[in-house]
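Below, each chain spelled out in residue letters.
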Amino acid sequence: MAEMMIKKKQRPRNLDLASLRSYSLPLPGKVSIFHRVSGLGLFLMLPVILWLFQASVTSPETFAVFQGLAAAWPVKVILAGLIWAYAHHFCAGIRFLLMDVHVGVDKAPARKSAAAVFAVSIPLSIILWGVLL
């Protein structure tokens, strides 16, 4: 009878959207989510960025128009977000490439590399904001 009383392993559960607020991801999970979000943002903005670049190099007049447009604070916020997305996606991409070749796959090194992604990408974004904006 004691054998029948073995506690069953709790099965994985699906989380509904309302419970996501109380669920806390570990740092490597946050890096993964931000990597996906930054990649999506860069992908969706790529046609706009290419069109703006192409239009800005056609003549000095159009370059001056786009330079004036880039001086507006809402555009600067969008550009700052794109700079952060690029820096984070680049740093996290290097982390994931290293993990693909089995470097830093264990729990402790994965947490350290996730912290390193934020420790490098955030200051890099601030430096690039100062240089480019």
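Below you will find a few notes about this structure. (Residues numbered from 1 in each chain as written. Predicted model: local features only at pLDDT ≥ 70, side-chain atom pairs only at ≥ 80, totals over all residues. Heavy atoms only, no water.)

Here we look at the nonpolar core
Next, step 1: V31, C91, A92, A114, V117 and F118 form the largest nonpolar core, which has 6 residues in total.
Next, step 2: Residue assignment for this core shows that the elements contributing at least two residues are α3 (73–100) and α4 (107–132).
Next, step 3: Top element by residues in this core is α4. It accounts for 3 residues.
Next, step 4: Leave out the neighbours within four places in its chain, and V31 touches H88, A92, R95, F96, A114, V117 and F118. (Core = buried A, V, L, I, M, F, W, Y, C linked by side-chain atoms within 4.5 Å. Buried < 20%, exposed > 50% of the residue type's maximum accessible area, 1.4 Å probe, protein only. Helix = DSSP H or I, 4+ residues; strand = E, 2+ residues; numbered from the N terminus. Contact = heavy atoms within 4.5 Å.)

Examining the layout of surface pockets
Next, step 1: When its volume is computed, the largest pocket comes out at roughly 700 Å³.
Next, step 2: Lining of the largest pocket is provided by 19 residues; of these, L52, F66, A70, V75 and L79 occupy positions nearest its centre.
Next, step 3: Going through the elements one at a time, α1 (27–56), α2 (60–70) and α3 are the ones with two or more residues in the lining of the largest pocket.
Next, step 4: Counted by class, the lining of the largest pocket contains 16 nonpolar, 2 polar and 1 charged residues. (1 Å grid on protein atoms, 1.4 Å probe; cavity = no way out; pocket = protein on both sides within 12 Å on 5 of 7 lines; lining within 4 Å. Points joined across faces, edges and corners; volume = space filled by probe spheres on them. Nonpolar A, V, L, I, M, F, W, Y, C, P; charged D, E, K, R; others polar.)

Digging into the side chain of S121
Next, step 1: Note that S121 resides in helix α4.
Next, step 2: Judged by its relative accessible area of 0%, S121 is buried.
Next, step 3: Within the structure, S121 has its side chain in polar contact with the backbone oxygen of V117 (distance 2.8 Å).
Next, step 4: Beyond its immediate sequence surroundings of up to four residues, S121 is in contact with A87, H88 and C91. (Polar contact = N/O pair within 3.5 Å; in protein donor to acceptor, adjacent residues only side chain to side chain.)

Details of α4
Next, step 1: Helix length check: α4 (26 residues) gives 37 Å between terminal C-alpha atoms against 38 Å at 1.5 Å per residue, within 8%.
Next, step 2: Buried within α4 are the following residues: A110, A114, V117, F118, S121 and S125.
Next, step 3: The secondary structure elements touched by the buried residues of α4 are α1 and α3. (Expected span 1.5 Å × (residues − 1).)

Regarding the packing of α3 against α4
Next, step 1: Following both chains from N to C, one finds α3 and α4 inclined at 150°, their axes separated by 8 Å at the closest point. Here α3 runs over α4; the crossing is right-handed. Of α4, the residues touching α3 (which contributes A80, I83, W84, A87, H88, C91, A92 and R95) are A110, S113, A114, V117, F118, V120, S121, L124, S125, L128, W129 and L132.
Next, step 2: Here the residues of the contact of α3 with α4 sort into 15 nonpolar, 4 polar and 1 charged. (Axes fitted to C-alpha atoms, helices over the stretch in contact; angles between N-to-C directions. Left-handed = near helix turned anticlockwise from the far one by under 90°.)

So yeah, pure geometry; function would need other evidence.
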